[in-house]
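Residue strings, one per chain:
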Amino acid sequence: MVKQEAFIYSSIGRKALMAISGAFLGFFLFLHLLGNSAAFWGAGAFTTYAAGLHSLPVLVLLFEAVLLSFFIIHIILAVILYYENLKARPRRCLCRKNAGGRTWGSRTMPYTGIIILLFIIFHLLMFGGVKPVEIAALVRHDLSRPITALYYFISLAALTLHVSHGFWSLWQSLGIGLRHTDLLRKSSLTISIIGGLLFSLIPLLCLLSPDFLR
Ligand code: HEM
């Protein structure tokens, strides 16, 4: 027990927990994307998917509880990591900005994280607790407004950048594929861009296609 506690409070333990919670959040994103893709088959398919979810309240509630717990853990650990990195940073760094393998994704993690957090709050205020029969019309109505669609595109770009580093970092923290870091970096970037584009397709179609989700 003492050993377990020590592991969680150690830097390696925290990194592992960050990776595991991030992996679960990524798993949620994958499921959400899969569910959302019902929209490409029309309003009927999207409503059936939403009704299917609502017909399993206990399972959904359990999943939401685990999701929220991992989400909170992920944020707390991110804040701790941010302050630890800040303390460890030399006062004036004359080194090259992307020395040490730093990328756009890694450098912007705290900022993209905040953008995603704000997006989720906004997103749940828009679509949380809506009846399945109303979901397709509401998504269409809200996401066909240029300002809301633009907000979604910006947030999804931040999500893509965040996941591109997070997914790569997951393998590093778990010590998997350390000899193939370049390949992992490229595949993480590719997967996150594909996910970001697929998510963006819904507001894009709401904005441009008069028949989408009708
Ligand atoms: C642009 C594409 C997206 C669309 C059209 C969309 C649509 C929806 C809808 C309709 C719901 C309500 C589902 C229901 O109650 O039946 C929902 C829930 C949710 N969405 Fe999204 N979503 C999108 C992207 C995202 C992204 C990128 C995230 C995370 C960063 C996200 C996070 C969530 C969360 C956390 C919930 C609540 C899940 C639950 O209560 O179990 N969504 N979304």
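Residues numbered from 1 in each chain as written. Predicted model: local features only at pLDDT ≥ 70, side-chain atom pairs only at ≥ 80, totals over all residues.

1. Observations regarding the overall build of the chain
Argument step 1. Helix and strand counts for the chain stand at nine helices and zero strands.
Argument step 2. When the elements of the chain are put in sequence order from the N terminus, they spell out α-α-α-α-α-α-α-α-α.
Argument step 3. Principal-axis analysis of the C-alpha atoms gives the chain an extent of 55 × 45 × 30 Å.
Argument step 4. Considering only residue pairs separated by 6 or more positions, the chain has 81% of its internal contacts joining residues 24 or more positions apart. (Helix = DSSP H or I, 4+ residues; strand = E, 2+ residues; numbered from the N terminus. Contact = placed C-beta atoms within 7 Å.)

2. Side note on helix α3 (residues 43-54)
Argument step 1. Here α3 contains 12 residues, and its C-alpha end-to-end distance of 16 Å stays within 8% of the 16 Å for a straight helix at 1.5 Å per residue.
Argument step 2. Burial in α3 covers these residues: Phe46, Thr47, Tyr49 and Ala50. Down the axis of α3, the buried side of the element spans an arc of 160°, and every buried residue falls inside it. Structural note: α3 exposes Gly44 and Gly52 on the side pointing more than 90 degrees away from its buried face. (Expected span 1.5 Å × (residues − 1). Buried ≥ 20, exposed ≤ 12 C-beta atoms within 10 Å, placed from the backbone. Arc of directions from axis to C-beta.)

3. Side note on the nonpolar core
Argument step 1. Within the largest apolar cluster, 25 residues are counted, with the highest numbers of intra-cluster contacts made by Phe46, Val139, Leu143, Cys206 and Leu213.
Argument step 2. Elements represented by at least two residues in this core include exactly α2 (11-36), α3, α7 (132-143), α8 (146-174) and α9 (181-208).
Argument step 3. If you tally residues by element for this core, the top one is α8, at 10 residues.
Argument step 4. Excluding residues that lie within four positions of it along the chain, Val139 makes contacts with Phe127, Cys206 and Leu213. (Core = buried A, V, L, I, M, F, W, Y, C linked by C-beta atoms within 7 Å.)

4. Comments concerning the environment of Leu150
Argument step 1. Within the element layout of this structure, Leu150 appears in helix α8.
Argument step 2. Along the chain, Leu150 and Lys131 lie 19 residues apart, while their C-alpha atoms are 25 Å from each other.

5. Overview of unusual backbone geometry
Argument step 1. Even without glycine at this site, Leu213 takes up a positive phi of about 60°.
Argument step 2. Looking at the secondary structure, you find Leu213 in the segment after α9.

6. Some details on the environment of Gly177
Argument step 1. Examined against the element boundaries, Gly177 turns out to sit in the loop between α8 and α9.
Argument step 2. Gly177 sits in the partly exposed class, given 13 other C-beta atoms within 10 Å.
Argument step 3. When sequence neighbours within four positions are dropped, the list of residues in contact with Gly177 reads Trp171 and Leu184.

7. Description of the site of the ligand
Argument step 1. Not every one of the 18 residues close to the ligand is listed here, only the nearest: Ala50, Glu64, Phe127, Phe199 and Ile202.
Argument step 2. For the shell around the ligand, the elements supplying multiple residues, two or more each, are α2, α3, α4 (57-88), α6 (109-127), α7, α8 and α9.
Argument step 3. Residues belonging to the shell around the ligand are distributed by class as follows: 14 nonpolar, three polar and one charged. (Near = placed C-beta within 6 Å. Nonpolar A, V, L, I, M, F, W, Y, C, P; charged D, E, K, R; others polar.)

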